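Breakdown of the fold
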Amino acid sequence: MEIERKFKTKELPADLSSYCCLFIEQAYLCTDPVMRIRRQDDEYYLTYKGKGLMAREEYNLPLNKAAYEHLLTKADGNIISKKRFLIPIKDPVFADGYDVPKESVNLKIELDIFEPPFAPLIIAEVEFPDVEMAGAFIPPAWLGEDVTNNPEYHNSNLSRKIF
């Protein structure tokens, strides 16, 4: 199960270059249901995603480079390329009434900076262990509008965007 919230950004962290950065290339074989292939640096995956916006099924299967390259030729729509910065959230803040020991929370922001033709799009995602925590999470000030429930910001829909 994948439980995540998505946000636009107001600004980028000043120390962005100090965080781990991954290069991601992904394409969609199908968008209903979502069947995605992804290269993340030198790792390759085939992913199935169920229906839903904040919470949905997700299954990842490993691929090798040859299988990824073969499937890439069969992809529909745009190939999405982006840099993903992994930014730990040191002291997560939650709405009043949500009680969780802070030392048990290990959240991170996955900040995606899209390359053309999607640039200057930047989306931040935060994954959670459960829906309650996701709903109680108060994002850091540098994150902007919550676009979790806007399907326009799902990568599978971006893959079908016409430029």
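Since the model is a prediction, treat every value here as computed from it, not as a measurement. Counting starts from 1 at the beginning of each chain's written sequence and moves along it residue by residue. Local features in this predicted model are restricted to residues of pLDDT 70 or higher, and side-chain atom pairs are both shown and tallied only at a pLDDT of 80 or more, whereas totals for entire chains, interfaces and linings draw on every residue. Note that water and hydrogens are dropped before the side-chain values are worked out from all heavy atoms of the structure.

With an omega of 5°, the peptide bond between Asp32 and Pro33 qualifies as cis. Under the DSSP-based scheme used, a helix requires at least four consecutive residues in state H or I and a strand at least two consecutive residues in state E, with every element numbered from the N terminus. Mapped onto the secondary structure, Pro33 falls in the loop between β2 (20-31) and β3 (34-40). The linkage connecting Ala119 with the following residue, Pro120, adopts the cis geometry, with an omega of 15°.

Think of a nonpolar core as a cluster: buried Ala, Val, Leu, Ile, Met, Phe, Trp, Tyr and Cys residues, connected wherever their side-chain atoms sit within 4.5 Å. Here the term buried applies to any residue with accessible area under 20% of the maximum for its type, exposed to any over 50%, and partly exposed to those in between, with areas from a 1.4 Å probe on protein chains only. Residues Leu107, Ile109 and Leu111 are the most contacted members of the largest nonpolar core, which totals 23 residues. The contact criterion used is simple: two residues touch if any of their non-hydrogen atoms lie within 4.5 Å. Once residues lying within four places of it in the same chain are set aside, the contact partners of Leu107 are Pro88, Ile89, Pro92, Phe94, Val126, Glu127, Phe128, Pro129, Met133 and Phe137. With 10 residues, the next largest nonpolar core counts Tyr28, Phe114, Leu121 and Val147 among its residues.

So, on to the pairing of β2. By the convention used here, strands pair only if DSSP detects at least 2 bridges between them. Where β2 and strand β7 (residues 76-88) come together, 8 bridges link them in antiparallel fashion. Within the sheet, the bridge partner assigned to Cys21 lies in β7 and is Phe85. Bridge count between β2 and β3: 7 bridges; the pairing is antiparallel. Its bridge partner lying in β3, Ala27 is registered against Ile37. From the end of β2 to the start of β3, which pair antiparallel, there are 2 residues.

Let's shift gears to the pattern of salt bridges. Between side chains of opposite charge, a pair can form when the charged atoms approach closely. By convention in these notes, a salt bridge is any Lys or Arg side-chain nitrogen within 4 Å of a carboxyl oxygen on Asp or Glu. This structure, assessed with the given rule, holds 13 salt bridges. Close ionic contact of Lys8 with Glu145 constitutes a salt bridge, the shortest N to O distance being 3.6 Å. Of this pair, Lys8 sits in strand β1 (residues 2-9) while Glu145 sits in strand β12 (residues 143-146), and the two are 137 residues apart along the sequence. Given a relative accessible area of 46%, Glu145 falls into the partly exposed group. Through salt bridges with shared partners, a single network forms among Glu4, Lys6, Lys82, Arg84, Glu110, Asp112 and Glu125.

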